[in-house]
Amino acid sequence: MIRIVYVNGEYVREEEAKVSIFDRGFLFADGVYEVTSVLGGKLIDFEGHFVRLTRSLSELQMVNPITSEDLLKVHRELVQKNSVVEGLVYLQVTRGVADRDFAFPDDISPTVVMFTQEKSMSESPLAQRGMKVISIDDQRWGRCDIKTVQLLYPCMGKMMAVASGADDAWMVHDGKVTEGTSNNAYIVKDDTIITRELSNDILHGITRAAVLRFANEAQMTVEERNFSIEEAKNADEAFITSASTFVMPVVNIDGVDVGTGKPGKIAARLREIYLEETLKTAI
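Note that the structure is a prediction, hence the values are computed from the model and not measured. (Residues numbered from 1 in each chain as written. Predicted model: local features only at pLDDT ≥ 70, side-chain atom pairs only at ≥ 80, totals over all residues. Heavy atoms only, no water.)

Student: Could you clarify how one ought to interpret the packing of helix α2 (residues 46–59) against helix α3 (residues 68–81) in this entry?
Tutor: When two helices pack together, you describe them by how their axes are tilted relative to each other and by the distance separating the axes. Where α2 contacts α3, the axes come no closer than 11 Å and their chain directions differ by 125°. In terms of axis orientation, α2 runs oblique to α3. Helix-helix and strand crossings are classified by hand; for α2 and α3 the assignment is right-handed. From α2, F46, E47, F50 and L53 reach across to α3, where they touch S68, L71, L72 and H75. A per-class count over the contact of α2 with α3 returns five nonpolar, two polar and one charged. (Axes fitted to C-alpha atoms, helices over the stretch in contact; angles between N-to-C directions. Helix = DSSP H or I, 4+ residues; strand = E, 2+ residues; numbered from the N terminus. Parallel < 35°, antiparallel > 145°, perpendicular 65-115°, else oblique. Left-handed = near helix turned anticlockwise from the far one by under 90°. Contact = heavy atoms within 4.5 Å. Nonpolar A, V, L, I, M, F, W, Y, C, P; charged D, E, K, R; others polar.)

Here is the structure:
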């Protein structure tokens, strides 16, 4: 099946999609993105992703070129055109096309592209066996709260993990875990869920917000604070959250088993609750 993608207001076959070589997203990584999950052909947490998109654009002095209503229509159209039952919708907005110059003009139109990816997520074998992660230095720029397309270091971190026989890397700054290459990080100790507090150091995860809300509703104890890799290794369990993995247990850090070395009960329960509750509000 040939995939249909969206480029600046048009639906085209993927091999026909083109963006200028002078697009600032290509030249400077001057753009932002969002990834929305699709389950049962419906969108998960769409509104949260739109709110974060608007914030990211504002932080980069970019105007949002599309309304929430129109963006929802495009998401739904792409899901329908590509017959996506389970997977992802990727959205990227760049500042637009201009001759190469570090200083950006204020009279250019943003570039908007979107595409779908089919992916089995709800029935993940990795959720059954758990992830292995390694720790690496966090060498990203200082505004990790903006969801920009400059993802080279997270890509390098992911490849470091793969080369080590692990699934992902947790980044560490000043001795404390910030986040994974594309996810928020958590540990559990004495039935308390611990995760880094929101700041410029981490992405304000949409799945993170939902999972912490569900944890509070289930009367689980949540503590938002920094934690070290050593603390994580000595935790009872660990997990990550993201739009593409939901809640995913972590069973090994730097070669050391976390807890029993198997997925923990709290991560498993949160994954179950997340899937149940988000499907109720999917659109």
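Student: Can you walk me through the nonpolar core in this structure?
Tutor: One broad trend across soluble globular proteins is that nonpolar side chains are buried collectively. Among the nonpolar cores identified, the biggest contains 27 residues, and I193, M220, F239, V247, L270 and Y274 are the most heavily contacted of them. The set of elements that each furnish at least two residues to this core consists of β3 (31–39), β5 (87–94), β10 (184–189), α6 (206–217), β14 (246–253) and α8 (265–281). In terms of residue count, the dominant contributor to this core is α8 (six residues). Once residues lying within four places of it in the same chain are set aside, the contact partners of Y274 are I44, D45, T207, A210, V211, F214, F246 and V247. Grouped together as the second largest cluster of nonpolar side chains are 23 residues, F46, L57, M62 and V112 included. (Core = buried A, V, L, I, M, F, W, Y, C linked by side-chain atoms within 4.5 Å. Buried < 20%, exposed > 50% of the residue type's maximum accessible area, 1.4 Å probe, protein only.)

Student: How should the packing of α6 against α8 be read in this particular structure?
Tutor: Taken N-terminus to C-terminus, the directions of α6 and α8 make an angle of 105°; their axes are 10 Å apart at the nearest point. Between α6 and α8, the angle falls in the class roughly perpendicular. On the side of α6, the interface is formed by T207, A210, V211, F214 and A215, while α8 contributes L270, I273, Y274, E277 and T278.

Student: Hey, could you run me through the pairing of β10 in this one?
Tutor: Within a regular beta strand, the side chains point alternately toward one face of the sheet and then the other, so they alternate between its two faces. Burial of β10 is extensive: five of the six residues sit out of reach of the surface. Bridge analysis of β10 against strand β13 (residues 237–242) gives five bridges, and the strand direction is antiparallel. From the neighbouring strand, I187 faces β13, where its bridge partner is A238. In this structure, β10 lies alongside strand β11 (residues 192–195), joined through four bridges in antiparallel fashion. Bridge assignment links K189 to a residue of β11, and that residue is T192. Where β10 hands over to β11, the hairpin turn is made up of two residues, of which D190 adopts a positive phi near 50°. (Pairing = 2+ DSSP bridges.)

Student: Explain the packing of aromatic side chains to me, please; I cannot follow it from the model alone.
Tutor: Centre-to-centre distance and the angle between the planes together describe a pair of aromatic rings. Summed over the entire model, instances satisfying the criterion amount to eight aromatic pairs. Here Y186 and F239 contribute two aromatic rings whose centre-to-centre distance is 4.5 Å and whose plane-to-plane angle is 10°, an arrangement assigned as stacked. Of this pair, Y186 sits in strand β10 while F239 sits in strand β13, and the two are 53 residues apart along the sequence. A single burial state applies to Y186 and to F239, both of which are buried. Where F246 meets Y274, the ring centres are 5.5 Å apart and the plane angle is 35°; that geometry is what we call tilted. Here Y274 lies in helix α8 and F246 lies in strand β14, a separation of 28 residues in the sequence. Each member of the pair, F246 as well as Y274, carries the same accessibility label: buried. Ring pairing ties together the aromatic residues Y33, Y90 and F115, which thus form one cluster. Against the face of F104 rests R95, its NZ or CZ located 3.6 Å from the ring centre. (Phe/Tyr/Trp six-rings, centres within 6.5 Å; stacked < 30°, edge-to-face > 60°. Lys NZ or Arg CZ within 6 Å of the ring centre and 35° of its normal.)

The quantities given are spatial measurements derived from coordinates; they are silent on function.
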